[in-house]
Amino acid sequence: MESEQKYRIAQPGFTVEQWKTFNEDGIIFIEDAISEEDIRVYKDAIDHVASKNPKFKPGSYLGMENIVERDSVFTDLIDHERHVGYAYDLFGELLKLHQSQFFLRPPGGKQYNIWHPDGARALPYGVFSPKLPLQIKIGYWLTDLPHEKMGNLVVLPGSHRQQYMNGYDTHNNVPGEMVVCPRKGTMTVMHSSIWHRVEPNESDVVRYNIFVAYCPSWVTPADRFHSSPEWLKTLNREQRIIMRSYKHAYHNAKPPASEFPLFLERDTGAHTDDDLYMDHVQLHRRKRQTMHERLSHM
């Protein structure tokens with residue numbers, strides 16, 4: 001169809017082996033995903049945005065959210081081909097950016113985080129979705145962290161399947177934990193429900209880090225209520241859709257027809273699943289299978 005030519009093909013996402021590991025451990029590691037040049041660009045952008053924050057003092061900890069609206073370098077991460085396919089595999093046509101943030105964790109050993117899962121606590125995502133995540137977090141690791149106590153992420157592999165954990169709200173070591181020691185350029189894809197914490201930084205290195213999280217459009221965002229209308233006008237079609245900054249609340253569950261398809265199916269280029277609907281059913285009313293559903297039916 002001629003009208004389909006304006007739409008982009010979905011970017012690559014999980015391999016079969018990555019999907020198996022993700023389901024078993026709750027996190028996957030993709031080394032050398034980020035080039036040296038891109039690492040420099042991201043670190044420069046972090047330094048630039050940090051320098052404009054009146055509360056920031058060089059050499060001190062800083063975490064900032066909704067960074068995609070703060071610098072064009074971060075804006076490009078909304079639908080970056082490096083990682084957006086992983087999110088699309090899970091959340092399909094209702095993909096939304098849940099949160100974007102960076103962290104500067106300098107030496108000093110004071111800034112750390114206690115054991116927690118991401119998302120809702122009193123009524124966790126896992127109550128409603130015990131197998132699939134309702135949020136995934138993409139991590140960009142921009143600093144070599146070859147050993148422990150460098151502000152490392154610590155995860156408990158497989159814990160995304162449990163809603164209780166004795167270490168909750170503590171910084172205690174727990175049996176089976178993994179201290180993540182990535183080299184710079186590594187990308188992680190993490191299940192929202194995996195239990196994790198952050199170690200203090202007792203090294204002489206500043207940890208640079210970007211996280212971009214995604215969810216279905218009907219899950220509330222974590223770092224904004226609405227985006228700037230003027231900023232939204234600067235985005236490409238897919239970026240604007242993924243931000244899901246609607247005037248009408250119910251559009252989060254039922255987006256406008258103009259926002260379908262978000263992406264074309266990566267293998268076939270199709271804009272809808274075959275042979276499931278009568279021709280009269282409009283595209284935005286049709287369900288499209290996610291990667292998980294297709295694999296389950298194989």
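Please refer to the structure higher up on the page.
Please read all numbers here as calculations on a predicted model, not as lab measurements.

Colleague: How should I be thinking about the pattern of salt bridges in this particular structure?
Modeller: Pairing between side chains of opposite charge can happen when the charged atoms of each approach one another. Tallied over the entire structure, the rule returns 20 salt bridges. One salt bridge connects E31 with R183, and the closest N-O pair in it is separated by 3.4 Å. Linking E31 in the loop between β1 (27-30) and α2 (36-51) with R183 in the loop between β7 (178-179) and β8 (187-191), this pair joins segments that are 152 residues apart in sequence. Across the salt bridge formed by R240 and E259, the nearest N and O atoms sit 3.0 Å from each other. One end of the pair, R240, is in helix α7 (residues 237-243); the other, E259, is in the loop between α7 and α8 (291-296), and 19 residues separate them in sequence. Classification of R240 as partly exposed rests on a relative accessible area of 33%. Residue E259 is classed as buried on the basis of its relative accessible area, which comes to 5%. Connected through shared salt-bridge partners, R8, D79, R237 and E238 make up one network.

Colleague: Help me out: how do you make sense of a nonpolar patch on the surface in this one?
Modeller: The grouping of L123, V127 and F128 at the surface amounts to a nonpolar patch, some 310 Å² of accessible area in total. Summarising the element assignment, V127 is placed in helix α5 (residues 125-128).

Colleague: Quick question: what am I supposed to make of the nonpolar core here?
Modeller: What tends to happen in soluble globular proteins is that the nonpolar side chains get buried as a cluster. Core analysis: the largest hydrophobic core is formed by 50 residues, its most contacted members being I210 and Y214. One finds F103, W141, M150 and I194 within the second-largest nonpolar core, a separate group that totals 11 residues.

Colleague: I'm lost on the side chain of Q18 in this one. Help?
Modeller: Among the structural elements, Q18 can be located in helix α1 (residues 16-25). Of the residues examined, Q18 reaches a relative accessible area of 18% and is grouped as buried. When neighbours within four sequence positions are excluded, Q18 is seen to be in contact with G13, I28, I30 and Y86.

The rules behind each value
- Residues numbered from 1 in each chain as written.
- Predicted model: local features only at pLDDT ≥ 70, side-chain atom pairs only at ≥ 80, totals over all residues.
- Heavy atoms only, no water.
- Salt bridge = Lys/Arg side-chain N within 4 Å of Asp/Glu carboxyl O.
- Helix = DSSP H or I, 4+ residues; strand = E, 2+ residues; numbered from the N terminus.
- Buried < 20%, exposed > 50% of the residue type's maximum accessible area, 1.4 Å probe, protein only.
- Patch = residues over 30% accessible without salt bridge, like charges linked within 9 Å, V, L, I, M, F, W, Y side chains within 5 Å.
- Areas by Shrake-Rupley, 256 points an atom, 1.4 Å probe, with all protein chains shown as cover.
- Core = buried A, V, L, I, M, F, W, Y, C linked by side-chain atoms within 4.5 Å.
- Contact = heavy atoms within 4.5 Å.

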